[in-house]
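# Survey of secondary and tertiary structure
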Amino acid sequence: MTRQAAGLVHLELAGVTVADVLQRLLASNPELKSHLFDGGRLRPDICILVNGRNIRYLDGEATPLDDDDTITIFRQVAGGAP
Amino acid sequence: MYGWMGTILRVNLSTGAITKEKLDENLARDYIGARGLASKTLYDELPPRTDPFDPANLLIFAAGPLTGTAATSASRYNVVTKSPLTGAIAASNSGGYLPAEIRYAGYDMIIVEGRSEEPVYLWIKDDQVEIRSAKAMWGKGTRETDALIRDETDDEAKIISIGIAGEKLVRFAGVINDRERAAGRSGVGAVMGSKNLKAVAVRGTGGIKIKDGAAFREAVLRNLAKIKSGPVTGEGLPTYGTAILVNVINSHGILPTNNFQLGEFAGAEAISGETLTRDLLVRNRGCLACPIGCGRVTEINWEGNRERGEGPEYESIWALGAACGISDLELITKVNFLCNEYGMDPITLGATVACAMELFAEGVLTVEETGMPLHFGDGQGLLELTRKTAMREGFGDVLAEGSARLAEKYGRPELSMSSKKQEYPAYDPRGSQGIGLGYATSNRGGCHVRGYTIGAEIVAAAVDPLTSAGKAKLLIDVQDFTCVVDSVGMCLFTTFSLGVDDVLPLLNAATGVDYTTESLLQAGERIWNLERLFNLREGLGREDDSLAPRLLQEPLPAGPAKGNVVELESMLNEYYQLRGWDNEGRPTGEKLQALGLG
Ligand code: SF4
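All of these numbers come straight from a predicted model, not from anything done at the bench.

## Points about the sheet that holds strand β7 (residues 120–125) of chain B
Residues and elements named next belong to chain B. The strand order across the open sheet formed by six strands is β8-β7-β12-β9-β10-β11, and the pairing between neighbours is mixed. Edge positions in the open sheet fall to β8 (128–133) and β11 (181–183), since each of these has one partner strand only. Within the sheet, the average angular offset between the axes of one strand and its neighbour, ignoring direction, is 20°. As defined by bridge partners, strand β10 (residues 175–177) adjoins β11 across three bridges and the pair is classed as antiparallel. Each residue of the ladder has a partner; that of N177, found in β11, is R181. Relative to the sheet, helix α4 (residues 142–152) contacts β7, β8, β9 (158–161), β10 and β12 (197–203), its axis offset from that of β9 by approximately 135°.

What follows is the structure, encoded as structure tokens:
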């Protein structure tokens, strides 16, 4: 993890699917569990992007990963217009 | 009347006539206030094809029936006129404290017409209205003007003013109120300058009559709870301001970089909301009755001095940053301060300089024209051109016309990233299709706040940003609801947590009118169609509902939206159909009848 600010977290971890990576992340950072999950399910205000695409439009947590893929996780707190 | 003050102030600067008119109750009900009511006035009174700088153009400062009440974030007004940048209708929105003061002084709208021979300002103290000389303020920045006028009038007065850019008729000059709040877009400040009107100062000591106080209080408290618990309004905007979007939008590969040549900016982190919060933020600042408080008071070290001001917001950071390939946040902040001081729209400024940078890279512009090398990433160049543009000095005189006229002048119109001659904001629509349709159909030209589909496409991730299916319907719903929000006088940011059924009880309790969800949204639709009718009468049509060729023909070269262009044609056809417009984008007779516009 290189940075954690504004609810935006960048990860550098290996795994076969998004779910694997999340599991590894939580194993080494258990304090993140309540931020990301609610009763075993991903919280609805958490966005996960794989190479900039929301996993909602891929295969969700089962989205497969390649070596160079980047996962971005952020909470949906960002808003702006002016 | 309840909710509305019931009085319109009209000032003719050519004759010096000052009159007060009764607000027509039916018009108030049908067009609500602020953006809606002022657009109706402009449509009815402005002779077609009037030059925006002709004294006959109207400049209308309009608040809504909730402005200045206890409703959350109901701090807004609109400045409506015919735009010198686009030739279309301009409705520029701002918050702060001044909008409420107009209402406390007893007015829903101030209509300014004609042109004064000499620089003047208006001094409105409740029902006393004077036209005073502004010779002492002409040539001064907006902050100094604010201070000088408060010295001459009342320290508690709230001021709208123009800076040097408005005086010099820079086509994208804005107006500044409460020293740092801007009705920034479409050149409303240039129209003010063309009238020799330096400022409007207002002091109001009256109140607003609410029809059903108990119901109103209840609705306010319910909305307040929703705003406080909403992730964007309760946490994101208060903590990080709008600039939190820099990293989010860049992660989606749609942060337009180097005049929309790329969708990812290598310097994003350096200009992000997180960096701004860490390095420059002094404190938050909010508008009247707003629990969100998204404004940022910032401080920079500049040439050995500490300088303090407000901003930059996400859009300015992008325009003065990524659009020009610049990643120096202190410099961006300094330029933003200067834009407030000169009264100039930072979005169009940055986008116009970005266009000039691409023309320079293409060899179309040379040092002979620009007076300096102008490469992407050149912060000092941007700084220098900001001043020159406001003063219309040297090459700045060309930039002061905006990017469409700049690119046209040098034979490369396709390099202006604009629709209806107004520059796009900070989202590359090739990776967010709905906002592309929004830019193309916006009644005031390239703009995100007429139909902020980014909320659904990116922020809430409720719909896939890369697909065009369903976007016409989404956009229409957002455009019509936005008309309502802008017209009641609430801040658009509340819509991250509130919907039409949250605004409805406030408006009904305040005014005593029995709007329903349907009739309120229909009022929004009526306002949108009226703005459209204004533009059609001015000669704009389907060919103007378009996008820069780059967005339609050049696929994004990299990132999550790689390979995509905007699928405009199909979305536009569906949009016209759903709107009840013909193939040329004209509302059908049936639609006009249904909206009471026939
Ligand atoms: S959300 Fe921001 S811009 Fe809107 S009223 Fe509140 S402080 Fe002003």
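Now that the structure is up, let's keep going.
## Examining the domain arrangement of chain B
Residue and element names in this part refer to chain B. According to the domain assignment, chain B consists of domain 1 (7–203), domain 2 (231–422) and domain 3 (427–496 + 516–594). Averaged C-alpha coordinates put domain 1 and domain 2 at centres separated by 26 Å. Facing 37 residues of domain 1, the contacting portion of domain 2 comprises 33 residues. Contact between domain 1 and domain 2 buries roughly 2900 Å² in total, counting both sides, with carbon and sulfur atoms accounting for 51%. Along the contact surface separating domain 1 from domain 2 lie three salt bridges. Here E310 and R181 are joined by a salt bridge, their closest N and O atoms 3.6 Å apart. Seen at the junction of domain 1 and domain 2, the total is 19 residue pairs in polar contact (both at pLDDT 80 or more). For the side of domain 1 that touches domain 2, the secondary structure elements donating two or more residues are α3 (98–104), α4 and α5 (164–167). A per-class count over the side of domain 1 that touches domain 2 returns 13 nonpolar, 15 polar and nine charged.

## Some remarks on the packing of aromatic side chains
Residue and element names in this part refer to chain B. In total, this model carries ten aromatic pairs over all chains according to the counting rule given. On the basis of an interplanar angle of 70° and a centroid distance of 5.8 Å, the ring pair of F260 and Y424 is categorised as edge-to-face. Of this pair, F260 sits in the loop between α9 (245–251) and α10 (273–279) while Y424 sits in the loop between β17 (422–423) and α18 (433–441), placing them 164 residues apart in sequence. Neither residue differs from the other here; F260 and Y424 are each classed as buried. With a centroid separation of 5.9 Å and an interplanar angle of 45°, the aromatic rings of Y576 and W581 are classed as tilted. Grouping residues by exposure puts Y576 and W581 together as buried. Feature note: the residues Y314, Y427, Y452, F493 and F496 constitute an aromatic cluster, connected by ring pairs. One cation-aromatic arrangement involves K198 over W138; the distance from NZ or CZ to the ring centre is 5.9 Å. Positioned over the ring face of Y43 is R537, at 4.3 Å from the centre of the ring.

## Concerning the interface of chain B and chain A
Listed by partner, the interface residues are 34 residues for chain B and 22 residues for chain A. Of the roughly 2300 Å² buried at the junction of chain B and chain A (both faces included), carbon and sulfur atoms supply 61%. In this structure, the connection of chain B to chain A is made through one salt bridge. Of the charged contacts in the structure, one is a salt bridge between B:D464 and A:R53, with a shortest N-O distance of 2.7 Å. The element best represented in the side of chain B that touches chain A is helix α8 (residues 231–240) of chain B, accounting for six residues.

## Observations concerning the site of the ligand
All names here are of chain B. If you check the shell around the ligand, you find S75, R76, R181, G286, C287, C290, I292, G293, C294, C491 and F493 and nothing else. For the shell around the ligand, the residue count by class is six nonpolar, three polar and two charged. Counting the residues that make up the shell around the ligand, at least three belong to each of domain 1 (7–203) and domain 2 (231–422).

## A few points about helix α12 (residues 329–342) of chain B
Residues and elements named next belong to chain B. In this model, α12 (14 residues) spans 20 Å end to end at C-alpha, consistent with the 20 Å of a helix rising 1.5 Å per residue. Burial in α12 covers these residues: L329, L331, I332, T333, K334, V335, N336, F337, L338, C339, N340 and Y342. The residue sitting at the N-terminus of α12 and contributing the capping side-chain oxygen is D328; that oxygen lies 3.2 Å from the backbone nitrogen of E330. Remark: G343 follows α12 within two positions and exhibits a positive phi of approximately 65°.

## Quick notes on the pairing of strand β3 (residues 59–63) of chain B
Residue and element names in this part refer to chain B. Taking burial as the measure, the five residues of β3 include five buried ones, the bulk of the element. Side chains L59, F61 and A63 project from β3 onto one buried face, and the interleaved I60 and A62 project onto a second face that is buried too. Of the pairings in the sheet, the one linking β3 to strand β6 (residues 109–113) comprises four bridges and is antiparallel in character. Considered in β6, the bridge of A62 is made with M109. Two elements, β3 and strand β4 (residues 77–82), share four bridges in a ladder whose sense is antiparallel. Across the sheet, I60 pairs through a bridge with V80, a residue of β4.

## A look at the packing of helix α7 (residues 213–229) of chain B against helix α21 (residues 500–511) of chain B
Relative orientation and spacing of two packed helices are given, respectively, by the angle between their axes and the distance between those axes. Residues and elements named next belong to chain B. Look at α7 against α21: their axes get within 8 Å of each other, and the N-to-C directions meet at 155°. Relative to α21, the element α7 is oriented roughly antiparallel. Note on packing geometry: the crossing formed by α7 with α21 is left-handed. Along the contact surface, α7 presents A215, F216, A219, V220, R222, N223 and K226, while α21 presents D502, P505, L506, A509 and A510. Within the contact of α7 with α21, the residues separate by chemical class into eight nonpolar, one polar and three charged.

So, how was this worked out
Residues numbered from 1 in each chain as written. Chains lettered and ligands numbered in written order. Predicted model: local features only at pLDDT ≥ 70, side-chain atom pairs only at ≥ 80, totals over all residues. Heavy atoms only, no water. Pairing = 2+ DSSP bridges. Helix = DSSP H or I, 4+ residues; strand = E, 2+ residues; numbered from the N terminus. Axes fitted to C-alpha atoms, helices over the stretch in contact; angles between N-to-C directions. Contact = heavy atoms within 4.5 Å. Domains from an automatic or database assignment. Buried area = accessible area lost by both parts, 1.4 Å probe. Salt bridge = Lys/Arg side-chain N within 4 Å of Asp/Glu carboxyl O. Polar contact = N/O pair within 3.5 Å; in protein donor to acceptor, adjacent residues only side chain to side chain. Nonpolar A, V, L, I, M, F, W, Y, C, P; charged D, E, K, R; others polar. Phe/Tyr/Trp six-rings, centres within 6.5 Å; stacked < 30°, edge-to-face > 60°. Buried < 20%, exposed > 50% of the residue type's maximum accessible area, 1.4 Å probe, protein only. Lys NZ or Arg CZ within 6 Å of the ring centre and 35° of its normal. Near = heavy atom within 4 Å. Expected span 1.5 Å × (residues − 1). Parallel < 35°, antiparallel > 145°, perpendicular 65-115°, else oblique. Left-handed = near helix turned anticlockwise from the far one by under 90°.

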